[in-house]
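Report on the structure
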Amino acid sequence: MSGPVGFEAWAALAGDSPISRTEWAAVVAAWSEPHRRYHDLAHLAAVLGLVERLAADAPDPAAVALAAWYHDVVYDPLRADNEQVSAERARAGLRGLVPEERAEEVARLVLLTAAHDPEPGDANGAALCDADLAVLAAPPGAYAGYASAVRAEYGHLSDEEFTAGRIAVLERLLGLPRLYRLPAAAEWEPLARANLSAELTLLRQRAGGASGA
């Protein structure tokens, strides 16, 4: 495996050692789990590619990149604490591979992806969150594919249950003062909000139709 999710890219951040290679393989295996339809290796590669650009001027670009590797390393649609468990997984997995301070920063950044609302001035956090939310500004056709993939990951929910939960997610995102914090990502804002609003309108119509049936 090569490219942004290959071992060479990982080793540039966590070193080339047997322990590092074992951890890389475990992380890749986690991202390759069969239930993932959106939160998979393709998403990881996309976020890593964006982070490389968005975190160029951040205080710790390596921590941001490592946080990208771990931000959805645990992804179970049946649980509500994926970010917390992913952060703990990062702490454990990076022990002995990077300085403790960096491992703690990685864990902090992973936790930020639960709400995507970094504090002003948090350049590391802004780079990771902006990269993670970049899909929201995809062309409408690609955004529809993303939304369908997320629905597939929640196949255990009825349409009514999923619609209610997804509406809450969309409303929370649209309620953020800004989806993107960095100047380099500011141009994504209008299209992202248009995509979110269009999906929200569709789901509200669907929910209204179901309640009136």
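A few points on the structure. (Residues numbered from 1 in each chain as written. Predicted model: local features only at pLDDT ≥ 70, side-chain atom pairs only at ≥ 80, totals over all residues. Heavy atoms only, no water.)

Packing of helix H2 (residues 18-31) against helix H4 (residues 61-70) brings their axes to within 10 Å, and their N-to-C directions diverge by 50°. One way to sum up the angle between H2 and H4 is to call them oblique. Here Glu 23, Trp 24, Val 27, Val 28 and Trp 31 of H2 lie close against H4, whose contacting residues are Ala 68, Trp 69 and Tyr 70. Here the contact of H2 with H4 is built from residues that sort into seven nonpolar, no polar and one charged. (Axes fitted to C-alpha atoms, helices over the stretch in contact; angles between N-to-C directions. Helix = DSSP H or I, 4+ residues; strand = E, 2+ residues; numbered from the N terminus. Parallel < 35°, antiparallel > 145°, perpendicular 65-115°, else oblique. Contact = heavy atoms within 4.5 Å. Nonpolar A, V, L, I, M, F, W, Y, C, P; charged D, E, K, R; others polar.)

The subject of this paragraph is the packing of helix H1 (residues 7-14) against H2. It is at 10 Å that the axes of H1 and H2 come closest, and there the two elements cross at 125°. By the criterion of interaxial angle, the relationship of H1 to H2 is oblique. For the element pair H1 and H2, the recorded crossing hand is right-handed. Along the contact surface, H1 presents Phe 7, Trp 10 and Ala 14, while H2 presents Ser 20, Arg 21, Glu 23, Trp 24 and Val 27. When the residues that make up the contact of H1 with H2 are grouped by side-chain class, the tally is five nonpolar, one polar and two charged. (Left-handed = near helix turned anticlockwise from the far one by under 90°.)

The next thing to look at is the environment of Leu 41. Counting through the fold element by element, Leu 41 comes out in helix H3 (residues 41-54). The exposure class of Leu 41 is partly exposed, given its relative accessible area of 22%. Setting aside chain neighbours within four positions, we find Leu 41 in contact with Met 1, Val 5, Val 28, Trp 31 and Ser 32. (Buried < 20%, exposed > 50% of the residue type's maximum accessible area, 1.4 Å probe, protein only.)

Quick look at the packing of aromatic side chains now. The final tally for this structure, using the stated rule, is seven aromatic pairs. Each ring, one from Phe 7 and one from Trp 24, has its centre 5.6 Å from the other, and the planes form 65°; the classification is edge-to-face. With Phe 7 in helix H1 and Trp 24 in helix H2, this residue pair connects regions lying 17 residues apart in the sequence. Across the pair, Trp 24 and Phe 7 agree in class, each one buried. Aromatic ring contacts, followed pair by pair, group Trp 10, Trp 69 and Tyr 70 into a single cluster. (Phe/Tyr/Trp six-rings, centres within 6.5 Å; stacked < 30°, edge-to-face > 60°.)

Another aspect to go through is helix H9 (residues 159-174). For H9, spanning 16 residues, the distance from its first C-alpha to its last is 22 Å, which sits close to the expected 22 Å at 1.5 Å a residue. Taken together, the buried positions of H9 are Phe 162, Thr 163, Arg 166, Ile 167, Leu 170 and Leu 173. For H9, the angular spread of the buried residues around the axis is 135°, confining them to a single face. (Expected span 1.5 Å × (residues − 1). Arc of directions from axis to C-beta.)

Glancing now at H2. For H2, with 14 residues, the first-to-last C-alpha span of 20 Å sits near the 20 Å given by 1.5 Å per residue. All of the buried residues along H2 are Ser 20, Glu 23, Trp 24, Val 27, Val 28, Ala 30 and Trp 31. All buried residues of H2 project into a common sector of 155° when viewed along the axis, lining one side. Counted as exposed and oriented over 90 degrees from the buried face of H2: Pro 18 and Thr 22. Against H1, H3, H4 and helix H5 (82-94) lie the buried residues of H2.

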